[in-house]
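Examining the three-dimensional arrangement
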Amino acid sequence: MDDTDGERIIGRLGRAQHGAMSLGQLTEAGVSQREVERRLDRGQLIRQGSGLYVVNGAPPSVRQRMHVAVLATTGVAALSHESAAELHGFSFMPRGRVVITASRRAHHRIPADRVHRKADLRPEHIVVVEGLEATSRARTMVDIAASLGRRRLERVLDDQLAGGDLSYGEIVAMFNALARRGRDGIGLLRPLLEVRGDGFVAPSSLLEARFLELVRDHGLPEPTRQHLPPWALSDGIGRVDFAYPYRRLLVEVDGRRWHSRDAANEEDRFRDQQAVAAGWRVLRYTWAQVTRQASYVAANLRSTLARPAA
């Protein structure tokens with residue numbers, strides 16, 4: 001093989017894998033081990049471990065580290081936990097970590113930030129994202145329960161459900177497949193799934209999630225979510241964020257982005273007028289109030305709930 005062919009192969013692998021490659025990939029493509037050593041001596045390749053290289057000049061990145069970690073692993077293994085969450089685009093998760101889950105028999109030659117050994121990792125739990133083998137979205141959702149606190153786990157779970165990226169059934173099926181006594185995170189995730197059964201509507205925005213946290217933190221009654229009042233249209237137009245039907249009280253939370261528009265304000269006023277005409281009360285709280293004046297919101301809501309509707 002001449003220099004041009006070697007350059008082409010190294011360039012192709014480097015572009016596809018953020019500069020990372022393995023000896024096995026190079027020799028399979030026709031680059032001999034002797035040629036690899038020559039390029040190491042010339043400084044074109046930089047050794048990252050036994051049989052692992054990056055192209056000199058390729059900018060260091062998290063994706064490069066992920067490729068190196070995957071290439072360093074043989075057997076059933078995949079990027080998982082925070083790494084898989086980053087690849088799948090999970091919100092509210094730390095980024096920049098390289099975490100691998102490998103079966104008991106898999107061999108991992110260099111350390112990632114963290115390596116989990118799991119006998120329950122199956123090939124069907126692994127998908128390819130950005131050219132990298134990673135745990136599936138559902139498997140990742142169950143795995144990260146082991147490393148998150150309740151509030152963040154609940155926020156991530158609701159965001160996945162609200163965005164339509166995962167269905168409730170998919171998460172429950174994976175939870176049931178992995179759940180066993182002593183597995184980290186199972187005890188934390190189970191009650192969150194139990195209250196999100198059939199008919200659960202996940203919060204459609206971070207503000208709604210923050211309002212629900214406020215309600216729970218202050219011991220207030222749990223509201224009905226995404227309530228369809230009697231005067232709303234059957235296709236869902238007129239649906240409100242939260243309601244306490246037994247008090248004929250509606251609660252709307254106004255996000256800074258959407259409710260600053262004139263059209264949205266007009267619709268809000270129209271809904272309020274319909275509610276008042278039907279004998280219901282309406283409370284509206286802003287982002288600033290929910291996030292910075294939680295005690296005021298809680299006291300105001302508690303006081304309103306204590307007074308029956310006229």
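Okay, so let's go over this structure. Worth saying up front: this structure is predicted, and the values here are computed from it rather than measured.

1. Some words on the overall build of the chain
In terms of helices and strands, the chain carries 13 helices and 14 strands. Counting across all 310 residues of the chain, residues that qualify as buried make up 48%. Counting only contacts in the chain whose residues sit at least 6 apart along the sequence, the fraction spanning at least 24 positions is 59%. In the form shown here, the chain has an accessible surface area of approximately 15600 Å², with 49% of it arising from carbon and sulfur atoms.

2. As for the pattern of salt bridges
Taken as a whole and judged by the stated rule, the model has 24 salt bridges. Two residues, Arg139 and Asp120, come together in a salt bridge whose shortest N-O distance is 3.0 Å. Taken as a pair, Arg139 in helix H6 (residues 137–143) and Asp120 in the loop between strand E8 (114–117) and strand E9 (126–129) lie far apart in primary sequence, 19 residues in all. Per residue, the accessibility class of Arg139 equals that of Asp120, and both read buried. Shared partners join several salt bridges into a network, and the residues in it are Arg150, Glu154, Asp158, Arg196, Arg216, Glu222 and Arg225.

3. Regarding the packing of aromatic side chains
Inspection of the entire model under this criterion finds 3 aromatic pairs. Ring geometry for Tyr244 versus Tyr246: centroids 6.3 Å apart, planes at 85 degrees, classification edge-to-face. Members of the aromatic cluster, joined through ring pairs, are Phe211, Phe242 and Tyr285. Taking NZ or CZ as reference, Arg155 lies 5.6 Å from the ring centre of Phe92, over its face.

4. Side note on the pairing of strand E10 (residues 132–135)
Direction of pairing for E9 relative to E10: antiparallel, over a ladder of 4 bridges. Bridge pairing in E10 links Ile126 to Thr135. Linking E9 back to E10 in an antiparallel pair, the connection comprises 2 residues, with Glu130 at a positive phi of about 55 degrees.

5. What to know about the pairing of strand E2 (residues 45–49)
Alignment of E2 against strand E3 (residues 52–55), held across 4 bridges, turns out to be antiparallel. If you follow Gly49 over to E3, its bridge partner there is Leu52. Counting the residues in the hairpin turn of E2 and E3 gives 2 residues, including Gly51, whose phi is positive at 75 degrees.

6. Some remarks on the environment of Val115
Mapped onto the elements, Val115 comes out in strand E8. Residues Val115 and Ala69, 46 residues apart in the sequence, show an inter-C-alpha distance of 9.9 Å.

7. What about the sheet that holds strand E14 (residues 281–286)?
Read from one edge of the open sheet, 4 strands run E11-E12-E13-E14, paired in mixed fashion. Every other strand in the sheet has two partners, leaving strand E11 (224–227) and E14 as the edge strands with one partner each. Strand after strand, the sheet turns through a mean of 35 degrees between neighbouring axes, direction not considered. In this structure, strand E12 (residues 240–244) lies alongside strand E13 (residues 249–254), joined through 3 bridges in antiparallel fashion. Residue Phe242 lies in a different strand from E13, and its bridge partner there is Val251. Its contacts with the sheet place helix H13 (residues 294–306) against E12, E13 and E14, and it is angled at close to 175 degrees to E14.

8. Concerning the packing of helix H10 (residues 206–217) against H13
With their axes 10 Å apart at the nearest point, H10 and H13 run at an angle of 70 degrees to one another. Here H10 lies roughly perpendicular to H13, going by the angle between them. Handedness of the crossing formed by H10 with H13: right-handed. Together, Phe211, Leu214 and Val215 of H10 and Ala294, Val297, Ala298 and Leu301 of H13 make up the contact between the two elements. Residues that form the contact of H10 with H13 fall into these classes: 7 nonpolar, no polar and no charged.

Conventions used here
Residues numbered from 1 in each chain as written. Predicted model: local features only at pLDDT ≥ 70, side-chain atom pairs only at ≥ 80, totals over all residues. Heavy atoms only, no water. Helix = DSSP H or I, 4+ residues; strand = E, 2+ residues; numbered from the N terminus. Buried < 20%, exposed > 50% of the residue type's maximum accessible area, 1.4 Å probe, protein only. Contact = heavy atoms within 4.5 Å. Areas by Shrake-Rupley, 256 points an atom, 1.4 Å probe, with all protein chains shown as cover. Salt bridge = Lys/Arg side-chain N within 4 Å of Asp/Glu carboxyl O. Phe/Tyr/Trp six-rings, centres within 6.5 Å; stacked < 30°, edge-to-face > 60°. Lys NZ or Arg CZ within 6 Å of the ring centre and 35° of its normal. Pairing = 2+ DSSP bridges. Axes fitted to C-alpha atoms, helices over the stretch in contact; angles between N-to-C directions. Parallel < 35°, antiparallel > 145°, perpendicular 65-115°, else oblique. Left-handed = near helix turned anticlockwise from the far one by under 90°. Nonpolar A, V, L, I, M, F, W, Y, C, P; charged D, E, K, R; others polar.

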